[in-house]
Amino acid sequence: MAHWSEVAVTKGGEAMLNDLLAGRRLTVLSAWGGTGETSPEALAELEDLAGERVPLELLDVENGLEGKTVKIQISNTGVEEGYTLHQIGVFAQVDGGPEQLLCVYQDRDQRGRKGGIEVPAQAGCPTFLLEFYGFLKITNGVKFEVDLSRSGAVVTPQYLADVMASHNQDGRAHPDLREAVREAQASAEDAAQAKPETGAEPPGPDTPGQLGQHYFDTESRREYICVGREGDTYIWVLAGAKTAEDVDVEGRPLAQVLAELAAHNTHNQSHPDLRGAQRDMDARLALLELLFNTDVSGNPFTATFETLTGLTAQGVWNTALNRLEF
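All values reported here derive from a predicted model rather than from experimental measurement.

Broken down by element type, the chain carries five helices and 18 strands. Per-residue burial for the chain yields a buried fraction of 29% across its 326 residues. Considering only contacts in the chain between residues 6 or more positions apart, those separated by 24 or more positions represent 58%. Only carbon and sulfur atoms are counted for the fraction: they give 53% of the accessible area of the chain, which is about 21,200 Å².

If you want it as structure tokens, here you go:
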């Protein structure tokens, strides 16, 4: 006879599983041992274990398509007098209801064979520790929860390694890392498909390219990368660029372009339309101040000089700015 071959789901356990199939929440809470024995045909009738009830530690319940693997740890922590363990029971609850015996595993003394597990006193064997894996055939692929908050199991190196291996192989584990790997693979594939281009001058806004594509200027021996596209304009930057001196704009350093732009904006000949509009506004403001701040007793009049017609003047007339320049 095989050890621990007598297994049964109790009637109370069947009722809990039916509740689970109906959509209710079943949670495995604990594992206990019993020192007594029960006839195999009466196991399903049990509401509690036979003999003295001893605490065991629940490790996990692993779901499978064919059934469940119950993992239980047996130790002799706090045991003053040794005993023989003949029954192992798994207890659960439905929707926060009372804790009930879900299933029981049994190994009896029979036909001259000593059954059960001999659990020694802690004083005589302080390192006693066993792990019990029991299979429970439950069809339909149903899954239930496991509450390990009350478990005081000792984590062995082998058990920890098994748990970590199972966790790492789970397709739902580390979603952020898996997403980062997928993005890196996609970027690598895009970069591999982007064909590098070469030319005798730097790439310009009209030089087509894909995001991440490289371009090599054979004349200056410099490499560029396409960083995007805005409408019909392609944006290329110097590879490894970190400052404005390193970034090129149509073959010229960005720092030089910015300096030229600043000099242009401050030059007295630039933006004549804006300067003319500002001058007109200043003139209108001065006129308003003259009209309202001057005590006039005669007939007021104003005169403006926008051309040199009928006037004698020295210097060069700036038509855009309406002024004489010397």
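This part takes up the packing of aromatic side chains. Evaluated as defined, the whole model comprises three aromatic pairs. Measuring from centroid to centroid gives 5.3 Å for Trp4 and Phe132, while their planes differ by 70°, and the two rings are edge-to-face. Here Phe132 lies in strand β9 (residues 129-136) and Trp4 lies in the segment before β1 (6-9), a separation of 128 residues in the sequence. For Phe132, a relative accessible area of 9% translates into the label buried. Taken together, a centroid distance of 5.7 Å and an interplanar angle of 65° make the contact between Tyr215 and Trp236 edge-to-face.

Moving on, we come to the sheet that holds strand β12 (residues 214-217). Strand order in the open sheet formed by four strands is β11-β12-β13-β14, and the pairing between neighbours is mixed. Both outer strands of the open sheet, β11 (197-199) and β14 (233-238), are each paired with one neighbouring strand and no more. In this sheet, neighbouring strand axes are inclined to one another by 35° on average, regardless of whether the strands run parallel or antiparallel. Two elements, β12 and strand β13 (residues 222-230), share four bridges in a ladder whose sense is antiparallel. Bridge pairing in β13 links His214 to Ile225.

Below, the discussion takes up helix α1 (residues 11-21). Among the residues of α1, those classed as buried are Gly13, Met16, Leu17 and Leu20. In an axial view of α1, the angular spread of the buried residues amounts to 100°, which keeps them on one side of the axis. The elements touched by buried residues of α1 are β1, β2 (26-34), β6 (87-94) and β7 (100-106).

A separate point is the nonpolar core. The nonpolar side chains of a soluble globular protein tend to be buried with one another. Among the nonpolar cores identified, the biggest contains 32 residues, and Leu26, Val28, Ile72, Ile74, Leu85, Ile88 and Tyr105 are the most heavily contacted of them. Excluding anything up to four places from it in sequence, Ile74 contacts Leu56, Leu85, Ile88, Ile117, Val119, Phe128, Leu129, Leu130 and Phe132. The next biggest cluster of nonpolar side chains, apart from the first, holds seven residues, and it includes Leu43, Phe91, Leu101 and Val104.

Right, let's talk about the pattern of salt bridges for a bit. Tallied over the entire structure, the rule returns twelve salt bridges. Two residues, Arg24 and Asp19, come together in a salt bridge whose shortest N-O distance is 3.4 Å. Arg24 gets classed as partly exposed once you look at its relative accessible area, which sits at 38%. Here Arg53 makes a salt bridge to Asp48, at a shortest N to O gap of 3.0 Å.

As a further point, take the pairing of β2. For β2, the tally of buried residues reaches eight of nine residues, placing the bulk of the element in the interior. Where β2 lies against β6, eight bridges are found, and the strand directions are antiparallel. Residue pairing for β6: Trp32 is matched across the bridge by Gly89. Sheet topology places β2 next to strand β10 (residues 145-146); two bridges connect them, and they run parallel. Along β10, the bridge assignment pairs Val28 with Val146. By the bridge criterion, four bridges tie β2 to strand β3 (residues 53-63) in an arrangement that is antiparallel. Looking at the pairing, Gly34 lines up with Arg53 of β3.

Relative to the assigned elements, Gly34 resides in strand β2. Judged by its relative accessible area of 0%, Gly34 falls in the buried class. If near-sequence neighbours (up to four positions away) are discounted, Gly34 is found in contact with Leu49, Ala50, Glu52, Val54, Thr84, Leu85, His86 and Gln87.

Moving on to the environment of Gln106. Following the sequence through the fold, Gln106 ends up in strand β7. A C-alpha to C-alpha distance of 8.8 Å links Gln106 and Gly89, two positions 17 residues apart in sequence. Here Gln106 is in contact with Trp4, Ser5, Glu6, Glu37, Thr38, Leu43, His86 and Gln87, once residues within four sequence places are set aside. Within the structure, the side chain of Gln106 is placed 2.7 Å from the side chain of Glu6, a separation counted as a polar contact. At a separation of 2.7 Å, a polar atom in the side chain of Gln106 contacts the side chain of Gln87.

The next subject is the side chain of Arg108. Checked against the element boundaries, Arg108 lands in the loop between β7 and β8 (117-119). Take Arg108: its relative accessible area is 19%, and that puts it in the buried class. Here the side chain of Arg108 touches Glu6 through a polar contact of 2.7 Å, side chain to side chain. With near-sequence residues (within four places) excluded, Arg108 lies in contact with Glu6, Glu37, Thr38, Pro40, His86, Arg113 and Gly115.

Cut-off values and rules
Residues numbered from 1 in each chain as written. Predicted model: local features only at pLDDT ≥ 70, side-chain atom pairs only at ≥ 80, totals over all residues. Heavy atoms only, no water. Helix = DSSP H or I, 4+ residues; strand = E, 2+ residues; numbered from the N terminus. Buried < 20%, exposed > 50% of the residue type's maximum accessible area, 1.4 Å probe, protein only. Contact = heavy atoms within 4.5 Å. Areas by Shrake-Rupley, 256 points an atom, 1.4 Å probe, with all protein chains shown as cover. Phe/Tyr/Trp six-rings, centres within 6.5 Å; stacked < 30°, edge-to-face > 60°. Pairing = 2+ DSSP bridges. Axes fitted to C-alpha atoms, helices over the stretch in contact; angles between N-to-C directions. Arc of directions from axis to C-beta. Core = buried A, V, L, I, M, F, W, Y, C linked by side-chain atoms within 4.5 Å. Salt bridge = Lys/Arg side-chain N within 4 Å of Asp/Glu carboxyl O. Polar contact = N/O pair within 3.5 Å; in protein donor to acceptor, adjacent residues only side chain to side chain.

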